[in-house]
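What follows is each chain in one-letter form.
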Amino acid sequence: MTTCDMCSSTTGPFYTANIEGAKMRVCNKCKHYAKEAWLIKESLPPDKPAKTTPKAPPQRGEIIQVVVPDYGKRIRQARERLGLKQEVLAKQLSVKGSELHTWENHHRTPSHDSARKLEKALHITLIDHHEEKPLQKKEAKAGSGLTIGDMLRR
């Protein structure tokens, strides 16, 4: 039986929600705690698990979004270029001044949401697209490399 991760309610409909960075299954009453919530389609009863097919490894690398390494320098330079004080920019972004300070001094990396807000407010780029290349498995040829027996003899 499906239950809400927040209030343990068993009455649906249920939603998949992102609440403070955690992916949760919530009921209609609790979905307002999330910034975004997606309706979960009716699933199979618990005694009939869904069939899963193994995914083939991707041929090309996966594109992921990462915060650029020099984010602190970019934030500070753009803020100073616009003539804004940390407190003023923090208020515009709805974050604490100390949090903006930690980003500028490279003590903590901003979340993707915060980086997007900073990009908009300062007209800079903080999120870059990076391709994760899949690992290539090396196929062992017969007679090459160490065997367990070789290691035991040493």
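Residues numbered from 1 in each chain as written. Predicted model: local features only at pLDDT ≥ 70, side-chain atom pairs only at ≥ 80, totals over all residues. Heavy atoms only, no water.

Within the protein one finds five helices and five strands. Taken from N to C terminus, the helices and strands of the protein fall in the order β-β-β-β-α-α-α-α-β-α. Counting all 154 residues of the protein, 23% fall into the buried class. If you take every contact in the protein between residues at least 6 apart in sequence, the share linking residues at least 24 apart comes to 49%. Accessible surface for the protein amounts to roughly 12700 Å². Of this, 53% is attributable to carbon and sulfur atoms. (Helix = DSSP H or I, 4+ residues; strand = E, 2+ residues; numbered from the N terminus. Buried < 20%, exposed > 50% of the residue type's maximum accessible area, 1.4 Å probe, protein only. Contact = heavy atoms within 4.5 Å. Areas by Shrake-Rupley, 256 points an atom, 1.4 Å probe, with all protein chains shown as cover.)

In this section: the state of the cysteines. Covalent bonding between the sulfur atoms of two cysteines defines a disulfide. Enumeration over the complete set of coordinates arrives at zero disulfides. With no disulfide of its own, Cys7 lies 3.7 Å from the sulfur of Cys27, the closest cysteine sulfur. (Disulfide = S-S within 2.5 Å.)

Here we take up the packing of helix 1 (residues 71-81) against helix 3 (residues 97-104). Two elements in contact, helix 1 and helix 3, have axes separated by 7 Å at closest approach and are oriented at 120°. Taken together, the axes of helix 1 and helix 3 are oblique relative to one another. Residues Tyr71, Gly72, Lys73, Ile75, Arg76 and Arg79 of helix 1 touch helix 3, and the partners they reach there are Leu100, Trp103 and Glu104. Broken down by class, the residue content of the contact of helix 1 with helix 3 amounts to four nonpolar, one polar and four charged. (Axes fitted to C-alpha atoms, helices over the stretch in contact; angles between N-to-C directions. Parallel < 35°, antiparallel > 145°, perpendicular 65-115°, else oblique. Nonpolar A, V, L, I, M, F, W, Y, C, P; charged D, E, K, R; others polar.)

A separate point is the pattern of salt bridges. Scanning the entire structure with this criterion turns up five salt bridges. Across the pair Glu104 and Arg76 runs a salt bridge whose closest N-O atoms are separated by 3.3 Å. On the criterion of sequence distance, the pair formed by Glu104 in helix 3 and Arg76 in helix 1 is long-range, its members being 28 residues apart. Residue Arg76 is classed as partly exposed on the basis of its relative accessible area, which comes to 29%. In this structure, the salt-bridge partner of Arg79 is Glu104, at a minimum N-O distance of 2.5 Å. Of this pair, Arg79 sits in helix 1 while Glu104 sits in helix 3, and the two are 25 residues apart along the sequence. By relative accessible area, Arg79 is classed as buried at 9%. By relative accessible area, Glu104 is classed as buried at 4%. (Salt bridge = Lys/Arg side-chain N within 4 Å of Asp/Glu carboxyl O.)

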